[in-house]
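Listed here are the chains, written in short residue letters.
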Amino acid sequence: MSYTVDERGFYGRYGGAYIPEMLYPNIDELRRRYLEITEDPSFQSEFQSLLRDYVGRPTPLYLARRLSDVLGYTVYLKREDLNHTGAHKINNAVGQILLAKWLGKKRIIAETGAGQHGVATATVCALMGIECYVYMGEIDMARQLPNVRRMEMLGTTVVPVKSGSRVLKDATNEAMRDWIAHPDDTHYIIGSVVGPHPFPDMVSRFQSVISEEMRWQLKQHTGSELPNVIVACVGGGSNAMGAYYHYLDEDSVRLVGVEAAGEGVHSGHTAATMTLGTDGVLHGSRTLLMQTDDGQVLEAHSVSAGLDYPGIGPQHAHLHKTKRVEYVSVTDEEALTAGLQLARLEGIIPALETAHALAHLSRLEVGNDDVVVLNLSGRGDKDLATYLEHGESATSNT
Ligand SMILES: *Cc1c(COP(=O)(O)O)cnc(C)c1O
């Protein structure tokens, strides 16, 4: 069984590049050159030194003793929250900005919903002195003003999108339009393992540094490179792919992906794509997505902006169909409680996205001697107000 992309850009029946004809030249250039460039030793050496000296890698693999005591098995946290800018997204942004330089691009575009990918992109563009435009729905700009200000301080132009419902999908359309208009000098940095081939494969390779480090770090801690279980939250799926990548062919390692159920899988306010999704085309690839019977994409809901996405990367759709990865979902309420618990037990405030993965730990069926690695995708400073609102009711009786 192969879990990686085939030469046509597919994972089983998912993936591909369903794009307007006008985008063929851009996608074709990337498809032809991404492997040759990213596997070049001098690309790798520049990438590795930026990951070390700028991003701060390797990130620690931390034995969470108090959390392990509560759960009754051993839990390690892979600390992606300690990366520069506070999450795993910077790994991919650094990789893609280098690729853009190798391709001779002079201008970067991106789209963002919550603003986190926009900030990561603005960061690497400042680092390289490359002009950057981030498309963002007007509604999202109002909701995520601190991230808009961060991008502006970093020298990026945030372009307000006034079309459609003025949210992420409209920003994606505008970014595509921009790319069509600037095929020669512009690279489009996509922030997760989504979009047309080769983006899903390219992004998962850049994020695979997470599981590459996990293998030798676990060996140092436990004497074995293999844990029993790896757990990660799944929005588009990039931190999870990074955490799974070097374990996909290790059959003894259980892989678990945690989606956002929002207010409940059947509440109508959810982002549980694996449970509710059906086959369709979203953002240029065939995948699972939440849609109506006549193919209208449904709006996703989650308390965490980073999981609020109606689709999922095509590789995850394939890993779901082949049952290599077990996908589960966690509600807003459960995630908030788990995030507060980690803060009190370990002195780590996790991103609300990550808190979904944490919430599943108490339901995992594992033995007392088992070792579980949780990918701590990001830090929770950005979510403080949401936690505090919830914490007042949850901790008033303790
Ligand atoms: C964006 C984000 C996610 C979700 O994106 P994936 O591509 O699924 O990883 C998860 N955690 C954090 C901290 C994020 O910023």
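Please refer to the structure placed before this passage.
In short, a report on the structure. (Residues numbered from 1 in each chain as written. Predicted model: local features only at pLDDT ≥ 70, side-chain atom pairs only at ≥ 80, totals over all residues. Heavy atoms only, no water.)

1. A look at the nonpolar core
Part 1: Counting 83 residues, the largest nonpolar core has Ile108, Trp179, Met214, Ile230, Tyr244 and Leu255 as the members making the most contacts within it.
Part 2: When residues of this core are assigned to their parent elements, the largest contribution, 7 residues, is made by helix 4 (residues 89-102).
Part 3: Built from parts of two domains, this core gets at least three residues from each of domain 1 (18-51 + 89-203) and domain 2 (56-86 + 208-396).
Part 4: Once you skip the residues sitting within four places of it in the chain, Ile230 turns out to touch Met214, Ala243, Tyr244, Tyr247, Val253, Arg254, Leu255, Val256 and Val373.
Part 5: Listed in part, the 35 residues of the second largest apolar core include Leu67, Leu340, Ile348 and Leu364. (Core = buried A, V, L, I, M, F, W, Y, C linked by side-chain atoms within 4.5 Å. Buried < 20%, exposed > 50% of the residue type's maximum accessible area, 1.4 Å probe, protein only. Helix = DSSP H or I, 4+ residues; strand = E, 2+ residues; numbered from the N terminus. Domains from an automatic or database assignment. Contact = heavy atoms within 4.5 Å.)

2. What to know about the sheet that holds strand 8 (residues 186-188)
Part 1: Spatially, the 4 strands line up as an open sheet ordered 7-6-5-8, and their pairing is parallel. Two strands lie at the open edges of the sheet, namely strand 7 (157-161) and strand 8, each paired on one side alone. When strand polarity is set aside, the average angle formed by the axes of neighbouring strands in this sheet is 25 degrees.
Part 2: Here strand 6 (residues 131-137) runs beside strand 7; their pairing, made up of 5 bridges, is parallel. Looking at strand 7, one finds that Val134 is bridged to Val158.
Part 3: In the packing of helix 5 (residues 116-128) onto the sheet, contacts are made with strand 5 (107-111) and strand 6, and the angle to strand 5 comes to roughly 170 degrees. (Pairing = 2+ DSSP bridges. Axes fitted to C-alpha atoms, helices over the stretch in contact; angles between N-to-C directions.)

3. What about the site of the ligand?
Part 1: Taken together, 17 residues are adjacent to the ligand, and Lys89, Gln116, Ser192, Gly237 and Ser238 come closest.
Part 2: With respect to the ligand, the side chain of Lys89 contributes an N or O atom lying 2.6 Å from an oxygen atom.
Part 3: Here a nitrogen atom of the ligand sits 2.8 Å away from a polar atom, N or O, in the side chain of Ser377.
Part 4: Contact with the protein chains hides 97% of the accessible area of the ligand, taken as 380 Å² for the molecule alone.
Part 5: Taken together, the residues of the shell around the ligand break down into 4 nonpolar, 11 polar and 2 charged.
Part 6: Of the domains in this structure, domain 1 (18-51 + 89-203) and domain 2 (56-86 + 208-396) are the two that each give at least three residues to the shell around the ligand. (Near = heavy atom within 4 Å. Polar contact = N/O pair within 3.5 Å; in protein donor to acceptor, adjacent residues only side chain to side chain. Areas by Shrake-Rupley, 256 points an atom, 1.4 Å probe, with all protein chains shown as cover. Nonpolar A, V, L, I, M, F, W, Y, C, P; charged D, E, K, R; others polar.)

4. Examining the packing of helix 4 against helix 5
Part 1: Interhelical geometry of helix 4 versus helix 5 gives an angle of 45 degrees and a closest axis separation of 9 Å. With respect to helix 5, the element helix 4 is oriented oblique. Note that helix 4 runs across helix 5; the crossing there is right-handed. Touching Lys89, Ile90, Ala93, Val94, Ile97, Leu98 and Lys101 of helix 4 are Gln116, His117, Ala120, Thr121, Thr123, Val124, Cys125 and Met128, all from helix 5.
Part 2: Split by residue class, the contact of helix 4 with helix 5 holds 9 nonpolar, 4 polar and 2 charged. (Parallel < 35°, antiparallel > 145°, perpendicular 65-115°, else oblique. Left-handed = near helix turned anticlockwise from the far one by under 90°.)

5. Some details on the layout of surface pockets
Part 1: The volume enclosed by the second largest pocket comes to roughly 200 Å³.
Part 2: Thr38, Glu39, Gln44, Phe47, Gln48, Arg205, Phe206, Ser208, Val209, Glu212, Tyr245 and His246 are the residues that line the second largest pocket.
Part 3: The set of elements that each furnish at least two residues to the lining of the second largest pocket consists of helix 2 (41-55), helix 9 (199-207) and helix 10 (209-222).
Part 4: In terms of residue count, helix 2 provides more of the lining of the second largest pocket than any other element does, 3 residues in total.
Part 5: Residues that form the lining of the second largest pocket fall into these classes: 4 nonpolar, 5 polar and 3 charged.
Part 6: Each of two domains, domain 1 (18-51 + 89-203) and domain 2 (56-86 + 208-396), supplies a minimum of three residues to the lining of the second largest pocket. (1 Å grid on protein atoms, 1.4 Å probe; cavity = no way out; pocket = protein on both sides within 12 Å on 5 of 7 lines; lining within 4 Å. Points joined across faces, edges and corners; volume = space filled by probe spheres on them.)

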